[in-house]
Amino acid sequence: EAAPHAAALGRAFQLTNFLRDVDEDLQRGRIYLPADELAAHGVDRDLLTWCHENARTDPRVRSALVEQHAATRRVYAHARTGIPLLHPRSRPCIEAAFTLYSEILDRIEAIDFAVFSRRATVGAARRIRVGAAGLAKAWRARLQDTEE
């Protein structure tokens with residue numbers, strides 16, 4: 001029952017990476033965003049290269065990124081409904097990953113999709129807090145399992 005939601009979560013993580021890493025991927029000769037969806041906004045490799053070379057996000061590229069961002073949010077919403085279906089031992093770690101990757105998506109939006117001049121990141125302190133809380137919840141779930 002949880003499998004479709006887990007697949008959606010993996011896809012959401014992947015889409016988040018694609019959005020965050022557009023510039024880096026382009027430098028490596030790769031474009032992972034869907035070509036047809038970029039083309040619908042008038043975006044092609046040449047325009048992305050211009051964005052990279054000028055460290056600016058052209059309005060057409062921004063529009064395409066906004067659309068991809070919204071689609072990714074929908075995938076996260078679907079994935080979230082599967083987390084309660086997971087075993088209590090697994091749930092905290094998945095929740096932590098969900099939280100941190102969602103926050104990368106928040107940061108992309110917060111920098112106004114300026115992915116050619118900045119890298120959207122979640123700070124180390126936040127990653128440690130979320131990870132530590134997830135680990136503590138997972139340990140508690142394991143202890144409850146052994147007591148039962």
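Residues numbered from 1 in each chain as written. Predicted model: local features only at pLDDT ≥ 70, side-chain atom pairs only at ≥ 80, totals over all residues. Heavy atoms only, no water.

A. Here's a closer look at empty space enclosed by the protein. Scanning the entire structure with this criterion turns up one cavity of 30 Å³ or more. There is about 50 Å³ of room inside the largest cavity. As for the largest cavity, its lining consists of F18, V22, D25, R30, I31, Y32, L33 and L48. Partitioned by chemical class, the residues of the lining of the largest cavity number six nonpolar, no polar and two charged. (1 Å grid on protein atoms, 1.4 Å probe; cavity = no way out; pocket = protein on both sides within 12 Å on 5 of 7 lines; lining within 4 Å. Points joined across faces, edges and corners; volume = space filled by probe spheres on them. Nonpolar A, V, L, I, M, F, W, Y, C, P; charged D, E, K, R; others polar.)

B. Broad picture of the environment of A132. Relative to the assigned elements, A132 resides in helix α7 (residues 124-147). Note on A132: relative accessible area 44%, which makes it partly exposed. Spatially, the C-alpha atoms of A132 and D46 are 43 Å apart, while their sequence positions differ by 86 residues. (Helix = DSSP H or I, 4+ residues; strand = E, 2+ residues; numbered from the N terminus. Buried < 20%, exposed > 50% of the residue type's maximum accessible area, 1.4 Å probe, protein only.)

C. View of the nonpolar core. Counting 35 residues, the largest nonpolar core has L48, V61, L65, I108 and F116 as its most contacted members. In terms of residue count, helix α1 (residues 3-20) provides more of this core than any other element does, seven residues in total. Excluding residues that lie within four positions of it along the chain, L48 makes contacts with V22, L26, I31, L38, V43, V61 and F116. (Core = buried A, V, L, I, M, F, W, Y, C linked by side-chain atoms within 4.5 Å. Contact = heavy atoms within 4.5 Å.)

D. Up close: the pattern of salt bridges. Summed over all chains, the structure comprises eight salt bridges. Residue E24 is joined to R28 by a salt bridge in which the shortest nitrogen-to-oxygen separation is 3.7 Å. Residue classification places E24 among the partly exposed positions, given a relative accessible area of 29%. Among the salt bridges present, the one from R119 reaches E24, with a minimum N-O distance of 2.5 Å. In this pair, R119 sits in the loop between α6 (91-110) and α7 while E24 sits in helix α2 (residues 22-27), placing the two residues 95 residues apart along the sequence. Through salt bridges with shared partners, a single network forms among R20, D21, E24, R28 and R119. (Salt bridge = Lys/Arg side-chain N within 4 Å of Asp/Glu carboxyl O.)

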